[in-house]
Amino acid sequence: MIESFHSKFLTVMNIILLSPEFQKLKKELSDPNIFSILSLGHYEIRHSNFLAWLINPQETHKLKNDDCLKLIKILFPNFKGDYENPLVYREKDNIDLLIECDEDILVLENKVYAKDHTNQLKGYREKVTNSKEYGSKKIHFTYLTLKGDNPTDKDEVCFWAT
């Protein structure tokens, strides 16, 4: 049986949170902490900010690139590329997370207590796919929800991993 995203996410989070690097970070730093990063809210933007911080190996958490890559591979199961120097963007062209790698583009739409609206995902997909900025890079799309729901736009389900 295929593991649910939630189960995989919890597994990776346990690996990261129990890693010696994270434990050292936890001891050394009082700020930033999860509460300040999330602003104690249940808002999509805070979750996206936290994910962007967590998956960016250049961030202040001092996690190794391999630790960040473990989460990326859960979020983007078909990603097999290089994750050495990713560029992590928040709200680029209104896309929650856009990660530019050497040969890949990773697009994540995060929905906490909401659903995609009419043509939202199609618009994001077409914007990235048709962009000359990304050339011939392989593009991966993920639709992230609390329960692993599919997009409400049935025409987009085949393009977005959940």
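Relevant structure appears above.
This one's a predicted model, so the numbers in the text were calculated from it and none came from an experiment.

(A) How the structure looks around the overall build of the protein. A count of helices and strands for the protein gives 6 helices and 4 strands. Listing each helix as α and each strand as β along the protein from the N terminus yields α-α-α-α-α-β-β-β-α-β. Each of the 162 residues in the protein was classed as buried or not, and the buried ones make up 43%. Working note: accessible area of the protein is about 9400 Å², and carbon and sulfur atoms make up 53% of it.

(B) Focus on unusual backbone geometry. Positive phi is not limited to glycine here, since K62 has a value of about 65°. Relative to the helices and strands, K62 is located in the loop between α4 (44-55) and α5 (65-75). Its relative accessible area of 52% is what places K62 among the exposed residues. Located in the positive-phi region is N94, a residue other than glycine, with phi close to 70°.

(C) Here's a closer look at helix α6 (residues 120-129). Listed in full, the buried residues belonging to α6 are Q120, L121, Y124, R125 and V128. Viewed end-on, α6 has its buried residues packed into an arc of 125°, placing them on one side of the element. Of the surrounding elements, those touching the buried residues of α6 are β2 (95-100), β3 (104-111) and β4 (138-145).

(D) Representation of a negative patch on the surface within the structure. On the surface, D66, D82, E84, D102 and E103 cluster together into a negatively charged patch. Within the secondary structure, D66 is located in helix α5. Note on D66: relative accessible area 52%, which makes it exposed.

(E) Structural view of the environment of F22. By secondary structure assignment, the location of F22 is in helix α2 (residues 20-28). Along the sequence, F22 and D67 sit 45 residues apart, while their C-alpha atoms lie 9.8 Å from each other.

(F) A look at the pattern of salt bridges. Under the defined criterion, the tally for this structure stands at 8 salt bridges. The residue E21 makes a salt bridge to K64 at a minimum N-O spacing of 3.1 Å. One end of the pair, E21, is in helix α2; the other, K64, is in the loop between α4 and α5, with 43 residues separating them in the sequence. For E21, a relative accessible area of 23% gives the class partly exposed. Its salt-bridge partner being K137, residue E100 comes within 3.0 Å of it at the nearest N-O pair. Of this pair, E100 sits in strand β2 while K137 sits in the loop between α6 and β4, placing them 37 residues apart in sequence. Its relative accessible area of 14% is what places E100 among the buried residues.

What counts, and where the lines are drawn
Residues numbered from 1 in each chain as written. Predicted model: local features only at pLDDT ≥ 70, side-chain atom pairs only at ≥ 80, totals over all residues. Heavy atoms only, no water. Helix = DSSP H or I, 4+ residues; strand = E, 2+ residues; numbered from the N terminus. Buried < 20%, exposed > 50% of the residue type's maximum accessible area, 1.4 Å probe, protein only. Areas by Shrake-Rupley, 256 points an atom, 1.4 Å probe, with all protein chains shown as cover. Arc of directions from axis to C-beta. Contact = heavy atoms within 4.5 Å. Patch = residues over 30% accessible without salt bridge, like charges linked within 9 Å, V, L, I, M, F, W, Y side chains within 5 Å. Salt bridge = Lys/Arg side-chain N within 4 Å of Asp/Glu carboxyl O. Lys, Arg positive; Asp, Glu negative; His and termini not counted. Charge placed at Lys NZ, Arg CZ, Asp CG, Glu CD.

Geometry only, nothing functional implied.
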